[in-house]
Each structure stands twice: as C-alpha cells, then as structure tokens.
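# Observations on chain architecture
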Amino acid sequence: MQRAERTKLLIEVGRQEAMEMAKMICEQYEVIDIQEPRAGLVMVKMRESAKQSLFYIGEVLVTEAKVKVGDAFGLGIVREEEPVFARALAVIDAAYNGNFAPQEWATIFTNLSQRLEAEQQQTKRSIERTKVQFDTMQV
Amino acid sequence: MAYVAVRGGAEAIEASLEHLQYERVKHGVHIDTAALEATMRGFLDQVMSESSLYSERLASLAMKQSEGNSEEAVFLLRAHRSTLPRLYYSTVTDPREMFVLRRISSSFKDIPGGQILGASHDYLHRLLDFELVEETEADVLVKKCQFEQEDVPDSSDLQLERLPKVMDYLRAEGLLREFPVNDTEPSDVTKKAMAFPTNRSQRLQTLTRGQTGTVTSLGYAGLRGYGASHPNVGEVRVGWQPIHVAVQDDEDPYYIGAIKLTEVESFIPVNVDKEQQQVLEFDVGYGACFGQNETKAIAMSIVDHALETGGTTPIHDEEFVLLHVDIIESTGFISHLKMPHYVTFQTKLEQMRNIKKEGKS
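Residues numbered from 1 in each chain as written. Chains lettered and ligands numbered in written order. Predicted model: local features only at pLDDT ≥ 70, side-chain atom pairs only at ≥ 80, totals over all residues. Heavy atoms only, no water.

Residues and elements named next belong to chain B. A volume near 510 Å³ is recorded for the second largest pocket. G42, H121, Q292, N293 and E294 are, among the 21 residues lining the second largest pocket, the residues nearest its centre. Every element with two or more residues in the lining of the second largest pocket is listed here: α3 (41-51), β4 (232-245) and α10 (294-309). Among the elements that line the lining of the second largest pocket, the one with the most residues is α3, at four residues. Here the lining of the second largest pocket is built from residues that sort into six nonpolar, eleven polar and four charged. (1 Å grid on protein atoms, 1.4 Å probe; cavity = no way out; pocket = protein on both sides within 12 Å on 5 of 7 lines; lining within 4 Å. Points joined across faces, edges and corners; volume = space filled by probe spheres on them. Helix = DSSP H or I, 4+ residues; strand = E, 2+ residues; numbered from the N terminus. Nonpolar A, V, L, I, M, F, W, Y, C, P; charged D, E, K, R; others polar.)

Right under this line is the structure:
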C-alpha cells in the first residue's frame, strides 16, 4: 500500500486504530523520538484553472513528529495540533519503512478502506437529495 | 520641533486591559472553544481565509479571545502564524481533486454531474428564527438525529470526487482561451514584499487573503461599471481538498488531511484577434479561498480578471487593489490614527493660529 493511501485512511477514519498499531510497535521495539511532536505550517501550493499557473492559497497548521525504530525512520504529519496522533503516525511510518509492519495490519487497512468508502457513500446519498432535478414547464 | 518623550500611561493601559477582560466575562457566561468551532462555521471560514492560516481550533480560540471581532481575530492568527516554523510546502493541489459538497453553475442549466446545492444560505428566507433563542443542547441532538434519519437513496452514483469542470466543455468547443500548464514556482508575498508590477501568483495570493468585505466591494465596483463587463459564474464549487506533502519523493507523498475550499470560475466575454479576424471568446476570472465563502471567491474572480486585463478604472489598478485589500494593513493604518499625534497636531494648530494672527494684523 502506498504511503498516501495509508496516511489518508489513518487520518480520515483510523485514529483509534493508529493509536493501537503504534502501541503495538512501542511494546515490541525501542522507539526513539528524533523530533518531539511540534506545531508548524504547511504552505499550500495550488493550481488555478484560468491560466493553469501556481499560487499559494495559504498555510495549514500541522503537527509533525519524527521517530527512529531500529534502523528505520518514521515521519508523522497531520493537520491541526495532534501531538499524540502525529507520533503514532510516525511510529507506523517507521514500521513500514523498516519492513517490520505486522502482516495483520493489512486487514486493518482493508477495514479502514471499507469504512471510508461507507462514509463517503453515506455523504453522497445525503447530498444526492440536494441535486436539482429540472423539469421543463409546459407553457 | 524635537520629539518629546513622555511617561505616565502604563498604569492606565494596565487598567484598560483589565476592563477589556472584564467586558468578556462580566455577564458570567462561559462558552468553550469547542462550541464555537462546532457552531460558528461562517466566522471561522472568514478569519481563516483572511489570516491565511487554516486551523478551525485556532480560529475558534481567536474568536473567543477577540469577542467575535474579526479584525482582532485575524490579527491574533497572523501574529501566531509568525511564531511557527514553515515545515513544508504541499505538493501542487488541484481543485479537480476536491471531494465536492456543493457545485453550481449559473451559466448552464444542465451540467455533467448536475447542479448540487449542498448546504447553502442562498435559499433561506432571511427571517430571524426566534426559536433558536430557546434552543437547548437536547434540541440540537434531536435535530441532528432527525437529519441523519432522513430517507436517502439506498445507494448513490453521485460523482463527488474528480467532478468534471464546467469550463472543460467550453474548452472542448474552443470557446475558452487556452493556456498551457505553467509550473513556474509561485512568489510568496509573506516572504518577500510585493514590487510593482506584480506577477499573477502575487495577485492571487494577495486577493485570497484579502479582507472579505473589501474584495467583495471591489468586485461589486467592477460589476457596476468600474470594470470590464458582467461575468457569468461558470462554476462555484465547495468541498474538501486533499493536501499532500512530499518529503522524499513526489511519487508517494504524505496525506496530511483535507481542508475546505471554495473555488470559482467566471466567464467573461472578450474580443480576440484570430487569423486577422475579431472573434468572441471567453476569458476566465479565477477566485478561490479557504472555507466556504462564495461571495468572496466570486468577487475575487472579477477582480482577478480586471487586474489581468488592465484598464483605466480603479479595480484595474493593481497598486490600488493589492495595497488596500489586506485587513491587517488597512485596519492597522486606520487604527494608528488613534495613537498619540500630539506633536504633529500641535504643529498644525500652531501654524493655523499664526496664520489667523497674521490675517488680523
């Protein structure tokens, strides 16, 4: 699984699971904090559609944490001030970078993927009610 | 006349600050920031956009601390932002990737994907709802449950991700001017002050963080005759925009969360020279901002186009527009008039007295 997909699932629907996965690693390995969770900014670079150029729309508050587990480094970044969550994401990232992520995590991510799909489907079903159904008036 | 240093205001200022604090608490009523974050969406979106800092939690804290004063809230957020390190730049984010919650076009009735109204104040009667005065937390939960139990379709094929753009259909017909993808690194007005003439990235960054009221007024002026023409809103879209950060390689970036954005494309008819003939095509005015703030984004699209095309009226003048839309710049300079100007005023007074005296003699 790509990192972009993994982090999306954990951040959008897998906070509790991320805490448990990180705890599992922390119990089995020594986790060294390279960067204690800290608040910072990510400047958002955006593509505008009129002339297809780039501009900065503004900054997003994030929390960043870096850890080392064995020889593997891990990075966690998440929007808003979320020090515990950011560190958990860093520990999970290290587990994947070091190739010691437990096999059973694949099942967790499958479940999270289904959960995200279900939540998005629920949103769509609700928003569909606001889709305009035009009827042409007979005059 | 030399400057004169005076003392004596410190204790009065201290007492003034105590009075200010008292104004916030004197009714003995408490509201926590979580409640503000949950219920003051419009205010938070506005101050996040104007402060150029996306964080609902900090915006709700700023709202509480400033007692709902938007210029103070933006000031607090801008000041806080300056204390934080900029850790990363996002990968290029494109609203084509947005998870759309609302998308409408006033140019075409039938658009692929449909007119999706989502949540909007547009269809409200603007009548005060006095029932809200008595609303309790239990009432809120009941309303929430009622909404969540509404009959909805069993499944939905509604496309909310990667929804096609309305402008793509005009492009396909050759009715929009084509521009190649431009990956030139944008300028950053928060790192380096603007010099005139500006480039497009400086203009868009300045407008998107501009004061909502000012940008709206300038857009309105453009419509009323101080600009080129009356645009049609091709598309307004509001939704969750995924943000990624690339650390090691662009191929597999980190997802850091989604932020709510409004994006607008306005269509403006222009005459273009093509093969020695005058041809009518559409230009696109562009607006985008943090949160759901459609009026600001539409106005921004009008001003963007005015600045791109140039002209003789004020909204075509980039110095006039870009140096006056920022809330901190404008409120700061206006507010400085409250600061002691004793010496300058005394000088003017003295001059007037002398002139008057000379006139009499």
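Here the narrative resumes.
On to unusual backbone geometry, then. A cis amide bond links F196 of chain B to the next residue, P197 of chain B, at an omega of 0°. Summarising the element assignment, P197 of chain B is placed in the loop between α7 (167-172) and α8 (200-208). A positive phi angle, close to 60°, is found at Q52 of chain A, a residue other than glycine. Mapped onto the elements, Q52 of chain A comes out in the loop between β1 (31-47) and β2 (54-69). If you check the backbone angles, N99 of chain A has positive phi at about 60° while not being a glycine. Turning to its location among the elements, N99 of chain A is positioned in the loop between α3 (83-97) and α4 (105-127). Given the relative accessible area of 70%, N99 of chain A is considered exposed. (Buried < 20%, exposed > 50% of the residue type's maximum accessible area, 1.4 Å probe, protein only.)

A few words now on the pattern of salt bridges. Under the criterion given, the structure shown has 38 salt bridges over all chains. Linking E82 of chain A and R15 of chain A is a salt bridge whose minimum nitrogen-to-oxygen distance equals 3.0 Å. Of this pair, E82 of chain A sits in the loop between β3 (72-79) and α3 while R15 of chain A sits in helix α2 (residues 15-28), and the two are 67 residues apart along the sequence. On the basis of relative accessible area, R15 of chain A is assigned to the partly exposed category, the value being 38%. Within the structure, one salt-bridge network assembled from shared partners comprises E48 and K51 of chain A together with R200, R203, D304, E308 and E318 of chain B. (Salt bridge = Lys/Arg side-chain N within 4 Å of Asp/Glu carboxyl O.)

Within the secondary structure layout, S55 of chain B lies in the loop between β1 (53-54) and α4 (56-65). Taking relative accessible area as the criterion, S55 of chain B reaches 1% and is therefore assigned buried. Within the structure, S55 of chain B has its side chain in polar contact with the backbone nitrogen of L58 of chain B (distance 3.1 Å). In this structure, S55 of chain B is in contact with L61 and E80 of chain A together with M48 of chain B, ignoring residues within four places of it in sequence. (Polar contact = N/O pair within 3.5 Å; in protein donor to acceptor, adjacent residues only side chain to side chain. Contact = heavy atoms within 4.5 Å.)

Once that is clear, we can look at a nonpolar patch on the surface. A cluster of nonpolar residues, I32, I34 and F73 of chain A, forms a patch on the protein surface that exposes about 290 Å² of accessible area. Here F73 of chain A lies in strand β3. (Patch = residues over 30% accessible without salt bridge, like charges linked within 9 Å, V, L, I, M, F, W, Y side chains within 5 Å. Areas by Shrake-Rupley, 256 points an atom, 1.4 Å probe, with all protein chains shown as cover.)

What follows deals with the domain arrangement of chain B. Residues and elements named next belong to chain B. When cut into domains, chain B gives domain 1 (13-81) and domain 2 (95-121 + 158-325). Placing the centre of domain 1 and that of domain 2 at their C-alpha centroids yields a distance of 29 Å. Tallying the contact residues gives 13 residues for domain 1 and 16 residues for domain 2. Between domain 1 and domain 2, roughly 1,200 Å² of surface is buried when both sides are summed, and carbon and sulfur atoms account for 46% of that area. Of all residues in domain 1, the largest losses of buried area upon contact with domain 2 belong to R41, S49 and Y54, amounting jointly to 45% of the total for that side. Between domain 1 and domain 2 we count zero salt bridges in total. Looking at the side of domain 1 that touches domain 2, the elements with two or more residues in it are α3, β1 and α5 (70-81). By residue number, the principal contributor to the side of domain 1 that touches domain 2 is α3, which donates seven residues. Partitioning the side of domain 1 that touches domain 2 into residue classes produces three nonpolar, four polar and six charged. (Domains from an automatic or database assignment. Buried area = accessible area lost by both parts, 1.4 Å probe.)

Below, the discussion takes up the packing of α4 of chain B against α5 of chain B. Helix packing for two helices is described by the angle between their axes and how far apart those axes are. All names here are of chain B. Where α4 contacts α5, the two axes come as close as 8 Å, and the packing angle between them is 130°. Judged by the angle between their axes, α4 and α5 are oblique. Along this stretch, α4 crosses α5, giving a crossing that reads as right-handed. Contacts between α4 and α5 pair L58, A59, A62, M63 and Q65 from the former with A73, L76, L77 and H80 from the latter. The class makeup of the residues in the contact of α4 with α5 is seven nonpolar, two polar and no charged. (Axes fitted to C-alpha atoms, helices over the stretch in contact; angles between N-to-C directions. Parallel < 35°, antiparallel > 145°, perpendicular 65-115°, else oblique. Left-handed = near helix turned anticlockwise from the far one by under 90°.)

Okay, the environment of L112 of chain A next. Residues and elements named next belong to chain A. Mapped onto the secondary structure, L112 falls in helix α4. Along the primary structure L112 and M46 are separated by 66 residues, whereas in three dimensions their C-alpha atoms are 29 Å apart. Ignoring any residue separated from it by four or fewer positions in sequence, one finds L112 in contact with L9, L10, V13, G14 and E17.

Turning our attention to the interface of chain B and chain A. Taken residue by residue, the interface counts 85 residues in chain B and 55 residues in chain A. Of the roughly 6,700 Å² buried between chain B and chain A on both sides combined, carbon and sulfur atoms contribute 58%. It is Y254, Y255 and I256 of chain B in chain B that bury the most area against chain A; as a group they hold 11% of the surface buried on that side. The interface formed by chain B and chain A contains ten salt bridges. Taking the shortest distance from any N to any O, the salt bridge between E48 of chain A and R200 of chain B comes out at 2.9 Å. Where chain B packs against chain A, one counts 45 residue pairs in polar contact (both at pLDDT 80 or more). With nine residues, the top contributor of residues to the side of chain B that touches chain A is strand β5 (residues 254-274) of chain B.

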